[in-house]
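Structural overview
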Amino acid sequence: MLAAVDHVQLAAPPGSEDFLRGYYVEVLGMTEIPKPPVLAARGGCWFRAGAVQLHLGIEKDFRPAKKAHPGLRVTGIEAFAARLRAHEAEVTWDDNLPGHRRFYSEDPVGNRLEFLEPLGSAEQPGSVEQSGSRSPERLGS
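Residues numbered from 1 in each chain as written. Predicted model: local features only at pLDDT ≥ 70, side-chain atom pairs only at ≥ 80, totals over all residues. Heavy atoms only, no water.

Further remarks concern the sheet that holds strand 4 (residues 52-58). Reading across from one edge, 1-4-3-2 is the order of the 4 strands in this open sheet, with mixed pairing throughout. Looking along the sheet, the strands with just one partner apiece sit at the ends: strand 1 (8-12) and strand 2 (31-33). Strand-to-strand, the axes of this sheet are offset by a mean angle of 30 degrees, without reference to chain direction. Two strands pair when backbone bridges link them, and strand 2 and strand 3 (residues 45-49) are joined in this way by 3 bridges, in the antiparallel orientation. Opposite T31, over in strand 3, you have R48 as the bridge partner. Together, strand 1, strand 2, strand 3 and strand 4 form the strand contacts of helix 1 (residues 17-27), whose direction differs from that of strand 3 by roughly 0 degrees. (Pairing = 2+ DSSP bridges. Helix = DSSP H or I, 4+ residues; strand = E, 2+ residues; numbered from the N terminus. Axes fitted to C-alpha atoms, helices over the stretch in contact; angles between N-to-C directions. Contact = heavy atoms within 4.5 Å.)

So, in structure tokens, the structure goes:
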């Protein structure tokens with residue numbers, strides 16, 4: 001019987017580990033976790049934030065995932081989006097998932113990432129969501 005998702009693996013091109021570390025640690029605020037030595041020899045890197053683990057594995061003929069993606073739940077989604085934009089990451093809002101605020105972005109090698117927060121989980125009176133303000137980056141579809 002399935003109990004939980006242990007990790008999500010994304011692919012990355014050879015030699016991209018330093019770019020990945022900069023993004024996943026500095027931008028997303030994750031912690032790099034050591035790979036077992038036998039797996040470290042293959043390249044790539046692993047990251048953790050709380051119970052969330054993302055593994056970036058090296059793929060010789062790498063192509064970024066443009067449709068498939070992990071959905072990463074965050075708290076304080078407006079501040080999190082601002083953090084990504086401050087690091088020059090693109091933020092594309094999408095209002096199509098009922099009961100959630102969400103946006104998409106890409107890691108430095110082009111893998112699609114979704115960030116979402118259930119409505120009401122962190123919104124306070126006077127927040128952007130309640131005031132009706134919309135970012136010009138929002139998608140209509």
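Next up on the list: the pattern of salt bridges. Note that side chains of opposite charge can pair when their charged atoms are close. Applying the stated criterion across every chain yields a total of 6 salt bridges. With its nearest N and O atoms 3.3 Å apart, the salt bridge here joins R21 to D18. Of this pair, R21 and D18 both sit in helix 1, separated by 3 residues, roughly a single helical turn. For R102, the salt bridge goes to E114, with nearest N and O atoms at 3.2 Å. Of this pair, R102 sits in strand 7 (residues 100-106) while E114 sits in strand 8 (residues 112-118); the two residues are 12 residues apart in sequence, bridging distant segments of the chain. Neither residue differs from the other here; R102 and E114 are each classed as buried. Each of D18, R21 and E32 takes part in a single network of salt bridges with overlapping partners. (Salt bridge = Lys/Arg side-chain N within 4 Å of Asp/Glu carboxyl O. Buried < 20%, exposed > 50% of the residue type's maximum accessible area, 1.4 Å probe, protein only.)

Before going further, it helps to examine the packing of aromatic side chains. Here the structure, examined in full by the defined rule, presents 5 aromatic pairs. The interplanar angle of 45 degrees and the centroid separation of 5.3 Å between the aromatic rings of F80 and F115 together place this pair among those described as tilted. Taken together, the residues F80 in helix 3 (residues 77-86) and F115 in strand 8 connect sequence positions 35 residues apart. Residue classification places F80 among the buried positions, given a relative accessible area of 15%. Relative accessible area serves as the criterion here: at 1%, F115 is assigned to the buried category. Connected via pairs of aromatic rings, a cluster forms that spans F80, W93, F103 and F115. The positively charged end of R101 is found above the aromatic ring belonging to W93, 4.3 Å away from the centroid. Directly above the aromatic system of Y104 lies the positively charged group of R112, at a separation of 3.9 Å from the ring centroid. (Phe/Tyr/Trp six-rings, centres within 6.5 Å; stacked < 30°, edge-to-face > 60°. Lys NZ or Arg CZ within 6 Å of the ring centre and 35° of its normal.)

On to unusual backbone geometry. Phi is positive for E88, which is not a glycine, with a value near 65 degrees. With respect to the helices and strands, E88 occurs in the loop between helix 3 and strand 6 (92-94). By relative accessible area, which is 77% here, E88 ends up exposed.

This is a description of form; function is not addressed.
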